Amino acid sequence: MAIVLHSSPLLWTRLAALVFSCVAFSVAVHGGRLYHGTGDWCIFCWAFSFAGTVLIILVELFGLQTRAPVSWKNFPITFACYAALLCLSASIIFPLYFLKGSSGPSEVRNYRIVSTVFSCLATIAYISEVSISKARPGEVAGYMATAPGLLKVCETFVACIIFVFISDPVLYDRHDALKYCMSVYCICFILSAAIILLCIGECTGCLPFPFARFLSAYALLAVVLYLSATIIWPIFNFDSKHGGTKQRPSSCSSTQGLCVWDKLMAVAVLTALNFLLYLADLIYSTRLVFVSA
């Protein structure tokens, strides 16, 4: 089997991401003394990114793109975008839990600082890979290399972060309106994830309706749903008439990481962020339909 090695900015960017993510999780495992689930999440982010990049490099090195069971126009950039978001989340969460207020041995702190630095470098490398791989105006590329495709990745990732905050502890069972917000997050996540899987599996042609029009209709539905959740979530969590509180409790200052009020605020911010992402998605998708027409 012939090995195909073409030196390019994309290859060097992937190799840099490979090295940075490997160093980040290796150093953290070796001397970081990670002691709860948050550390496991950060290790997963770096290890998953490393493993996926190894796979992509090997497939392209041996010229196996045509034998891969996925669309190679869509898979590498989709993975790079998820890896960038995973490493970004680890770069924020890791120092928040393991460097903020850390009073352990200086050697352990140094290991954690190194992991944080290389996590940030890995994030930059993956963002650079996405920038290099994304479709240029007039260029024929897969859907996931376009702005709406990349927005779908961001939308699903933000929804996953919302699920993490909203489920530990459960924050949506206090009122029916909050359960409605949870249903909005679930419905939009499932549909966006299904679109990504259809594109990666090259199954969009199997749909009984035009894919572009479906994307526009779904984006419009998601914008309406997320707009309602963006309004409802803060009202039923921070308005005193509904049992909420606007002021951050003083007990949160002594809590490691995020307290319940912080998580409620984080969900509110992330809901608004996803609303903006879906709004941008709607604009791009509608433009795609009318320009194509």
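Criteria and thresholds
- Residues numbered from 1 in each chain as written.
- Predicted model: local features only at pLDDT ≥ 70, side-chain atom pairs only at ≥ 80, totals over all residues.
- Heavy atoms only, no water.
- Core = buried A, V, L, I, M, F, W, Y, C linked by side-chain atoms within 4.5 Å.
- Buried < 20%, exposed > 50% of the residue type's maximum accessible area, 1.4 Å probe, protein only.
- Helix = DSSP H or I, 4+ residues; strand = E, 2+ residues; numbered from the N terminus.
- Domains from an automatic or database assignment.
- Contact = heavy atoms within 4.5 Å.
- Buried area = accessible area lost by both parts, 1.4 Å probe.
- Salt bridge = Lys/Arg side-chain N within 4 Å of Asp/Glu carboxyl O.
- Polar contact = N/O pair within 3.5 Å; in protein donor to acceptor, adjacent residues only side chain to side chain.
- Nonpolar A, V, L, I, M, F, W, Y, C, P; charged D, E, K, R; others polar.
- Expected span 1.5 Å × (residues − 1).

Novice: Help me out: how do you make sense of the nonpolar core in this one?
Specialist: Inside soluble globular proteins, nonpolar side chains tend to come together where they are buried. Ranked by size, the top nonpolar core spans 80 residues in total, and within it Trp 46, Tyr 185, Cys 188, Tyr 226 and Trp 233 carry the most contacts. Counting residues per element, the ones that place at least two in this core are helix H1 (9–31), helix H2 (37–61), helix H3 (75–98), helix H4 (106–133), helix H5 (147–167), helix H6 (176–200), helix H7 (211–238) and helix H8 (260–292). Each of two domains, domain 1 (1–137) and domain 2 (146–292), supplies a minimum of three residues to this core. Contacts of Tyr 226, omitting those with residues within four sequence positions, involve Ala 159, Ile 162, Val 184, Tyr 185, Cys 188, Thr 271, Asn 274, Phe 275 and Tyr 278.

Novice: Help me understand the domain arrangement of the chain, please; the structure alone is not making it clear to me.
Specialist: Frequently, the measure chosen for interface size is the accessible area removed from exposure when the parts meet. According to the domain assignment, the chain consists of domain 1 (1–137) and domain 2 (146–292). Across the contact, 19 residues belong to domain 1 and 13 residues belong to domain 2. Summing both partners gives a buried area of about 1,400 Å² for domain 1 against domain 2, and 73% of it is carried by carbon and sulfur. Considering only the side of domain 1, the residues that lose the most area to domain 2 are Tyr 82, Leu 85 and Tyr 97, jointly responsible for 33% of the buried surface there. At the junction of domain 1 and domain 2, the tally comes to zero salt bridges. Inspection of the region where domain 1 meets domain 2 yields four residue pairs in polar contact (both at pLDDT 80 or more). Here the side of domain 1 that touches domain 2 is built from residues that sort into 12 nonpolar, five polar and two charged.

Novice: I would appreciate a short explanation of H1 in the present structure.
Specialist: Given 3.6 residues per turn, any residue in an α-helix points the same way as the ones three and four places further on. End to end, H1 covers 33 Å across 23 residues, agreeing with the expected 33 Å (1.5 Å per residue, within 8%). All of the buried residues in H1 are Leu 11, Thr 13, Arg 14, Ala 17, Leu 18, Ser 21, Ala 24, Phe 25, Val 27, Ala 28 and Gly 31. Those residues of H1 that are buried are in contact with H2, H3 and H4.

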